[in-house]
Amino acid sequence: MAQEEFIPQLLNRNKKRNHPFGLTRRVKDVLAGRVMGVLSLFAALLVPLIAVILFTRARPIFSAKPLTELLFSRTWHPISGAFGFYPFIQGTLWVTSISMILAIPPSLLTAIYLSEYATPKVRAYIKPLIDLLAGVPSVVYGVWGMLTVVPFVGKFIAPLLTKTLGFIPLFQTDNPTGFSLLAGGLVLGVMVSPIIIAMSTEVFTAVPQGLREASLALGATRWHTVKHVVARRALPGIIAAVVLGFSRAFGETMAVLMVVGNVPQVPSSIFDPGYPLTALIANNYGEMMSIPMYDSALLCAAFILLMVVLVFNLISRLVLLRLTRSI
Amino acid sequence: MSISQMRNRFLLIEKRKLTQKLGFTGLGLAAFITVLPIVLVVAYVFWKGWPAISYTFFTEMPQDGMRAGGILPAIVGTLWLTIGTAIISVPLGLGAAIYLSEYAPENRWTRTIRIAIINLAGIPSVVYGLFGLGLFVLFLRFGTSILAGSLTLAIMTLPVIISTAEEALRAVPSSFRVVSISLGGTQWQTIQRIVLPQALPGILTGIILGLERAAGETAPILFTVAAFFLPQLPSSIFDATMALPYHLFVISTQVPGMPIQIQYGTAAVLLSFVLSMNTIATIIRSRARAKRQW
């Protein structure tokens, strides 16, 4: 019998002994439990509270416009009452996808290196460093992106890729500034990699040593062991890490806003400027509030962001549950 | 085994060794290429920002439309906000963590609560900003103030604090609890005198990491507290204030003709503020791990 199974019995025994001095401490005990239960309930209620507040303030626009028009109309012209979020949704999707494509493979390889191959000494130095980098504020990445990544994309990557791969529409450009979806994706990719690395290293390290030993004892090389045993076992955790990185990239505001160009158009190339939802909110809130429904349009944007993140998290949770059961 | 079989086998092993070697080097390289640019970002910011940093940079008000002078009000504002966030989020987060790890029964309710808190962590920061604006600034009429900003930031840091504190509490071996309770202690006494002290380093680390994120965030304070420029320091919790991350955002996007040096200087100050918090957390964690007897 495990030790913790004794705890309820012992607590029960203690309760039955009515000690004359024990009243205050028993009251304290009950109170403490209640108060903390309420606190955690409060924390849990925050998510619905946020959703409700955003929704009530976005309601005017939901009742004035059909949802399909909001989501799929391409015209964004608040003064004449046209609120089509399509260009902004596209902007968010493009920037997030670019950043994920750039960040996931190198981050996972780095995590494998750190957990499987690196000597303990290397690991002892690199792990705190990665944690440190995960804490760099997003606005700092934004400033760095504006002053170095944007010119680099504009002057170097864009001409190079257009010259070599220009026959693919994805790489064509007539935007010489460098404020582009690619710049946003690059900055975001650099920003979320430490998060993905830190979490997936932990996941790889948590794979039981016995599994590795069994595989090695059967004559597999370490590389084979990593590929067929460790990676398989770690898959659910890796998915969780990627989802975390995705939510960060998807909801990131400041760093993206500063490098992505902020032009409300449906992009067709990675060198086009874009305008993600988050940037729309941050840039426009507080200005032009006299325009009818502008305020609730921006809250509608926030509501869309919230819903996408919540739904994505729930789906990933279900997938994880499935995967952990099947292993 | 014939000679050709042996030869084939030998070749196979050689091939696998080669893949292994390729795998090793490839992975090492990948790790290097991934980590290097991120380290370079930080190094570059410090290198470029260093010339701007002087004693007066910390102690003077901004001058000439923020193109000269110091960044004192922004630093003070960020300190206020960080302290305010801590006062609100630490008791809340700690209480919830204690409940979840010590009291909560393993049932559907607890799972729902836990999932809600995990989901809180994924909400975009700008959404927190609009929520804070709607609830604290407008509905509760706190105005754009340090109070509203701290509350918003506190809600954002709550999931970080709860999950790390819960993990730290769970790591305390249950035999500690069993001993205390079998000596007649109530559950609260056990938590207060045995479990909490043991979990303290882990909890502290979580708190510092949460506050670090709060100190560096811009989007949640955008609509709830941050001011473009104020000629005086805040004097009460109902005042708006300047803050380092927002100030950095403003001077790098909205002020034309801003000297690059000051932008990098401000970035370097913000970075060192945040990174020193991170370093303190790392030190607490590694010292506690070395001292731990279980």
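The rules behind these values
- Residues numbered from 1 in each chain as written.
- Chains lettered and ligands numbered in written order.
- Predicted model: local features only at pLDDT ≥ 70, side-chain atom pairs only at ≥ 80, totals over all residues.
- Heavy atoms only, no water.
- Patch = residues over 30% accessible without salt bridge, like charges linked within 9 Å, V, L, I, M, F, W, Y side chains within 5 Å.
- Areas by Shrake-Rupley, 256 points an atom, 1.4 Å probe, with all protein chains shown as cover.
- Salt bridge = Lys/Arg side-chain N within 4 Å of Asp/Glu carboxyl O.
- Helix = DSSP H or I, 4+ residues; strand = E, 2+ residues; numbered from the N terminus.
- Buried < 20%, exposed > 50% of the residue type's maximum accessible area, 1.4 Å probe, protein only.
- Domains from an automatic or database assignment.
- Contact = heavy atoms within 4.5 Å.
- Buried area = accessible area lost by both parts, 1.4 Å probe.
- Polar contact = N/O pair within 3.5 Å; in protein donor to acceptor, adjacent residues only side chain to side chain.
- Nonpolar A, V, L, I, M, F, W, Y, C, P; charged D, E, K, R; others polar.
- Axes fitted to C-alpha atoms, helices over the stretch in contact; angles between N-to-C directions.
- Parallel < 35°, antiparallel > 145°, perpendicular 65-115°, else oblique.
- Left-handed = near helix turned anticlockwise from the far one by under 90°.
- Arc of directions from axis to C-beta.

Topic: a nonpolar patch on the surface
Residues and elements named next belong to chain B.
- On the surface, a nonpolar cluster with roughly 510 Å² of combined accessible area is contributed by L29, F32, I33, L36 and L40.
- Mapped onto the elements of the fold, F32 is located in helix α1 (residues 3-49).
- With relative accessibility at 52%, the residue F32 sits in the exposed group.

Things to note about the domain arrangement of chain A
Residues and elements named next belong to chain A.
- When its domains are assigned, chain A resolves into domain 1 (3-64) and domain 2 (86-326).
- Averaged C-alpha coordinates put domain 1 and domain 2 at centres separated by 36 Å.
- Opposite the 11 residues of domain 1 that make contact, domain 2 presents 12 residues.
- Note on domain 1 versus domain 2: buried area summed over both sides is about 950 Å², and carbon and sulfur give 83% of it.
- Applying the counting rule to domain 1 against domain 2 returns 1 salt bridge.

So, the interface of chain A and chain B
- Taken residue by residue, the interface counts 83 residues in chain A and 85 residues in chain B.
- Carbon and sulfur atoms supply 78% of the area that chain A and chain B bury against each other, a total of about 7,200 Å² over both sides.
- Scanning the region where chain A abuts chain B turns up 1 salt bridge.
- In this structure, D131 of chain A engages R285 of chain B in a salt bridge whose closest nitrogen and oxygen atoms are separated by 3.5 Å.
- One can count 3 residue pairs in polar contact (both at pLDDT 80 or more) joining chain A with chain B.
- When residues of the side of chain A that touches chain B are assigned to their parent elements, the largest contribution, 20 residues, is made by helix α2 (residues 23-64) of chain A.
- Residue composition of the side of chain A that touches chain B, grouped by class: 54 nonpolar, 19 polar and 10 charged.

Section: the packing of helix α7 (residues 174-182) of chain B against helix α8 (residues 187-216) of chain B
Residues and elements named next belong to chain B.
- Two elements in contact, α7 and α8, have axes whose closest approach is 10 Å; the angle formed by their N-to-C orientations is 160 degrees. Our classification of the angle between α7 and α8 gives roughly antiparallel. The chirality of how α7 crosses α8 is right-handed. Each of F176, R177, S180 and I181 in α7 lies in contact with α8, whose residues at this interface are T190, I194, V195 and Q198.
- Here the residues of the contact of α7 with α8 are counted per class, giving 4 nonpolar, 3 polar and 1 charged.

Brief notes about helix α1 (residues 6-16) of chain A
- Of all the positions in α1 of chain A, only I7, L10, L11 and N14 of chain A are classed as buried. The arc that holds every buried residue of α1 of chain A, seen down its axis, measures 100 degrees, which confines them to one face. Those residues of α1 of chain A that are exposed and aimed more than 90 degrees away from the buried face are P8 and K16 of chain A.
- Looking at the buried positions of α1 of chain A, the neighbouring elements they touch are α7 and α8 of chain B.

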